[in-house]
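Here are the chains, one letter per residue:
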Amino acid sequence: MSRGSSSWKRSELLFLVIYAICFYALIIYRSLQLTREHSGRLTGLRRGWMWNRLNDLSDAQWRNFRGNLPILTLVMGMFTLVATTLRSQYHLKGRGMSVIWLLVSLSYLLYLHGACVMFVLSIASMNFVLVKIFAQSKYFSCLLWMFNIFFLIWNRIYEGYSFRTIGQSWAFLDNYRGTFRWHICFNFETHAALPHLFFWKDVLPFFTGIILAMLCIQERSIHTDKFSFSMYLCYLVYAPLYIAGPIVSFNAFASQLDMPQRNHSIGQIAWYGFRWVLSLFLMEVMTHFFCYNAFTISGLWREFSPFEVFIIGYGVLNFMWLKFFLIWRYFRFWSLVGGVDVPENMPRCINNCYDLESFWKNWHASFNKWLVRYLYIPLGGSRKKLLNVWVIFTFVAVWHDLEWRLLSWAWLTCLFFIPEMIVKSAVSALKAKSAIHEFILRELGAVAGAITITSLMVANLVGYVIGPSGINWLISRLLHRDGLPVLGGIFTTFYVGTKLMFHIQDTKKNLQ
């Protein structure tokens, strides 16, 4: 790199950093103003513990997780202590540990779902029987998918079923449905069931060792006796990963029950837990000072200017990222303490992704690997990428919930994927032959990144803030005389953000 080019990059980086500081200062200042001006009209606020401020607990998922943290932590400690003590005392391996964790996890499920554990175990058993009967059929994969998608949709339609529908003599069990809706967890049971069932059929050994290494950590070949019904049930209901994941493949799970993970030392796991506590404090600061989600729930965004809607949408995305970051890392920490290493679900910050592909690889990363393994590759992989994204994102939307806003989010994301894939194919064919060519490609890449981030913002605003009914409102406000400068400012900001990400990538390459 020439001295002139290096000097230019340093000057550019200085300008980008100053711009980013000013941007976030403006966002924070206006967010505090909005919260102060409208706090009396927001729903979901509770009395907080920071300087007598109200705490935004309008998100039911975060409110439930945060409220149950003490009991979850107590359960985590007790269960892990019991399992570790028995392993050490009786020198238990895979089969013995699967029985221990199965019994411990079933007691956990009884607390969560009460009598509805019967539904969970019944569907799991039907899946296992389905494999035993149809494993050698050429239609097995299709049959297995149809069976699980049917129950995925049917469970949501009937809200987990009522015992009264089975018979009047069963109706009393409706009074013992536990504290957590079982059909919400069925999504993760589907994730867990398919890996075991496909492995039992010996489908996945056809993949190359390289693909397997990319798709799942700590994969080891395991003996066929590990594919037992007890190991299968243990894998499905394993307490640390049952509620929210992350998702781990069956053979990685079974091998680590046999021999606990050695990728992370006790000190590293303790540091991981301490960092989680710091992240929890950051979330508490965020929800005490910025009521982004409460603005969404209350519907006040319709009264705001385009710039203020952007602030709320951007804040909601960051809130969602941090919420899932905390939930997934908490359960991963529990799993690590228990000796099972699972993939990291949020390996990269939401503000450090400038293309859709990398964004979705780093948002619920273990789910992404699951989708690659069980949908993307079987559907044809990169050869049919333009068609595959429609099937995959539609499935993801249905998996989350049966709502039009989620389907709208999925299909908008697919629409925005198409130009990105075309541009990537075109850019990969071009090679920088000189410094000016490299500069042009870099600028075009930054423009493309800004367009992608803007598209991602729009898709997520539709999916999680304004809904499908708000699309026309959003377009009319942004294309109005007052909205065009805001749209230009948003685009410029994302352009600057993309250039900053380029500099981060360059620094990482130079340090390697």
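Counting from 1, residues in each chain are numbered in the order their sequence is written. Local features in this predicted model are restricted to residues of pLDDT 70 or higher, and side-chain atom pairs are both shown and tallied only at a pLDDT of 80 or more, whereas totals for entire chains, interfaces and linings draw on every residue. Side-chain measures here rest on the full set of heavy atoms in the structure, leaving out hydrogens and waters.

Undergrad: Looking at this model, I keep getting lost on the overall build of the chain. Mind explaining?
TA: Summing up its helical and strand segments, the chain has 21 helices and 2 strands in all. Three labels apply to residues, based on accessible area from a 1.4 Å probe with only protein chains included: buried if under 20% of the type maximum, exposed if over 50%, partly exposed otherwise in between. A buried classification covers 52% of the 512 residues belonging to the chain. Long-range pairs, those at least 24 residues apart, make up 76% of the contacts in the chain between residues at least 6 apart in sequence. When the accessible surface of the chain is split by element, carbon and sulfur atoms take 67% of a total near 25,300 Å². A run of DSSP states H or I qualifies as a helix once it reaches four residues; a run of E qualifies as a strand once it reaches two. Both are numbered from the N-terminal end. Any two residues whose heavy atoms approach within 4.5 Å at even a single point are treated as in contact. In these tables, accessible area is a Shrake-Rupley quantity obtained with a 1.4 Å probe, and a residue counts as shielded only by the protein chains included in the view.

Undergrad: Would you take a moment to explain the environment of V237 for this structure?
TA: Following the sequence through the fold, V237 ends up in helix α9 (residues 229-237). Those residues within four positions of V237 in sequence are excluded, and the remaining contacts are L102, S105, L109 and Y242.

Undergrad: Would you mind showing me how to read the packing of helix α6 (residues 140-157) against helix α17 (residues 385-400) here?
TA: Helix-helix packing is characterised by the crossing angle of the two axes and by the distance between the axes. Close contact between α6 and α17 brings their axes to 9 Å; oriented N to C, the two are set at 40°. Taken together, the axes of α6 and α17 lie oblique to each other. From α6, W145, I149, L152, I153 and R156 reach across to α17, where they touch F395, V398, W399 and H400. In this classification, the charged set is Asp, Glu, Lys and Arg, the nonpolar set is Ala, Val, Leu, Ile, Met, Phe, Trp, Tyr, Cys and Pro, and all remaining amino acids, among them Gly, are polar. Residues that form the contact of α6 with α17 fall into these classes: 7 nonpolar, 1 polar and 1 charged. What counts as an axis is a line fitted to C-alpha atoms, over the stretch in contact for a helix, and the angles between N-to-C directions run from 0 to 180 degrees. Roughly parallel here means an angle under 35 degrees, roughly antiparallel means over 145, roughly perpendicular means 65 to 115, and every remaining angle is called oblique.

Undergrad: Before we go on, may I ask you to explain the nonpolar core in this structure?
TA: In terms of nonpolar packing, the biggest core is built from 152 residues, with W101 and Y108 touching the most fellow members. Other than its neighbours up to four places away in sequence, W101 contacts F79, T80, A83, C234, Y238, A239, P240, L257 and W334. Residues belong to one nonpolar core when they are buried, are Ala, Val, Leu, Ile, Met, Phe, Trp, Tyr or Cys, and are joined through side-chain atoms within 4.5 Å.

Undergrad: So what exactly am I meant to see when it comes to the side chain of H183 here?
TA: Structurally, H183 can be placed in helix α7 (residues 182-200). Overall, the relative accessible area of 3% leaves H183 in the buried class. In this structure the side chain of H183 is engaged in a polar contact, spanning 3.3 Å, whose partner is the side chain of E159. The contacts of H183, once residues within four sequence positions are left out, are N155, R156, E159 and G160. Pairs of N or O atoms are called polar contacts if they sit within 3.5 Å, as long as, within protein, a hydrogen donor faces a hydrogen acceptor (for residues adjacent in sequence, only side-chain-to-side-chain pairs).

Undergrad: How do you make sense of unusual backbone geometry when you look at a structure like this?
TA: Among all residues save glycine, negative phi is the norm, and among peptide bonds the norm is trans. Omega for the peptide link from G245 to P246 comes to 5°, which places this bond in the cis form. Within the fold, P246 resides in the loop between α10 (239-242) and α11 (250-258). Here the phi dihedral of N52 falls at roughly 60°; this positive angle occurs in a residue that is not glycine. For N52, a relative accessible area of 70% corresponds to the exposed category. Positioned with a positive phi, H91 is a non-glycine residue whose angle comes to about 55°. Inspection of the secondary structure puts H91 in the loop between α3 (69-90) and α4 (94-113).

Undergrad: What is the right way to read the packing of helix α14 (residues 306-337) against helix α21 (residues 483-511) from this model?
TA: Contact pair α14 / α21: the axes reach a minimum separation of 9 Å and the direction vectors enclose 35°. Counting all contacts with α14, which are made through P306, F307 and F310, the residues of α21 involved are G483, V486, I490 and F494. Class assignment for the residues of the contact of α14 with α21 results in 6 nonpolar, 1 polar and no charged.

Undergrad: Quick question: what am I supposed to make of the layout of surface pockets here?
TA: A water-sized probe, rolled over the atoms, reveals where empty space remains. Cavities and pockets are found on a 1 Å grid laid over the protein atoms alone: a cavity is a set of points where a 1.4 Å probe fits but cannot escape, a pocket is an open set with protein on both sides within 12 Å along at least five of seven lines, and a lining residue has an atom within 4 Å of such a point. Grid points are joined across faces, edges and corners, and a volume is the space filled by probe spheres set on the points. The computed volume of the second largest pocket comes to approximately 1,000 Å³. Taken together, 33 residues make up the lining of the second largest pocket; nearest its centre are Y354, L441, R442, G445 and F502. At the level of secondary structure, the elements contributing two or more residues to the lining of the second largest pocket comprise α1 (3-38), α18 (404-429), α19 (435-466) and α21. Top element by residues in the lining of the second largest pocket is α19. It accounts for 10 residues.

Undergrad: Quick question: what am I supposed to make of a nonpolar patch on the surface here?
TA: Exposure above 30% relative accessible area and no salt bridge define the residues that can form patches, which grow by joining like charges within 9 Å and nonpolar side chains of Val, Leu, Ile, Met, Phe, Trp and Tyr within 5 Å. Each salt bridge in this description consists of a side-chain nitrogen of Lys or Arg and a carboxyl oxygen of Asp or Glu lying within 4 Å of one another. A surface patch of nonpolar side chains, amounting to about 520 Å² of accessible area, comprises W8, I436, F439, I440 and L444. If you tally residues by element for the nonpolar patch, the top one is α19, at 4 residues. Summarising the element assignment, I440 is placed in helix α19.

Undergrad: Which parts of the structure should I look at to understand the pattern of salt bridges?
TA: It is possible for side chains of opposite charge to pair when their charged atoms get near one another. Overall, the coordinates contain 16 salt bridges when judged by the stated rule. Measuring nitrogen to oxygen at the nearest pair gives 3.7 Å for the salt bridge that ties E159 to R181. With E159 in the loop between α6 and α7 and R181 in the loop between α6 and α7, the pair connects residues that are 22 residues apart, well separated along the chain. In this structure, E344 engages R329 in a salt bridge whose closest nitrogen and oxygen atoms are separated by 3.1 Å. Taken together, the residues span a long stretch of sequence, with E344 in the loop between α14 and α15 (356-361) and R329 in helix α14 at a distance of 15 residues.

Undergrad: Is there a simple way to think about the environment of M501 in this case?
TA: Inspection of the secondary structure assignment puts M501 in helix α21. With relative accessibility at 5%, the residue M501 sits in the buried group. Remark: the alpha-carbon pair of M501 and Y354, spanning 147 residues in sequence, is separated by 7.7 Å. Here M501 is in contact with N351, N352, C353, Y354 and I453, once residues within four sequence places are set aside.

Undergrad: Teacher, can you tell me more about helix α20 (residues 471-478) here?
TA: Along α20, the residues classified as buried are W473, L474 and L478. Projected onto a plane normal to the axis of α20, the buried residues spread over an arc of 120° and lie on a single side. Note that the arc is defined by the directions from the helix axis to the C-beta atoms.

Undergrad: Got a minute to help me understand the packing of aromatic side chains in this structure?
TA: Two descriptors summarise a pair of aromatic rings, namely the distance from one centre to the other and the angle between the planes of the rings. A pair of aromatic rings is counted whenever rings of Phe, Tyr or Trp (Trp by its six-membered ring) have centres within 6.5 Å, and the orientation is called stacked for planes under 30 degrees apart, edge-to-face for over 60 and tilted otherwise. As enumerated under the stated definition, the model contains 53 aromatic pairs in all. Measuring from centroid to centroid gives 5.4 Å for Y235 and F253, while their planes differ by 50°, and the two rings are tilted. With Y235 in helix α9 and F253 in helix α11, the pair connects residues that are 18 residues apart, well separated along the chain. F253 gets classed as buried once you look at its relative accessible area, which sits at 0%. Relative to F253, the ring of Y238 lies with its centre 5.0 Å away and its plane at 65°, an arrangement referred to as edge-to-face.

Undergrad: Would you mind going over the environment of G463 with me for this structure?
TA: Considering the arrangement of structural elements, one finds G463 in helix α19. Note: C-alpha distance between G463 and A410 (53 residues apart in sequence) is 8.1 Å. Apart from the residues lying within four places of it in its own chain, the contact partners of G463 are R405 and W409.

In short, geometric facts, not functional conclusions.
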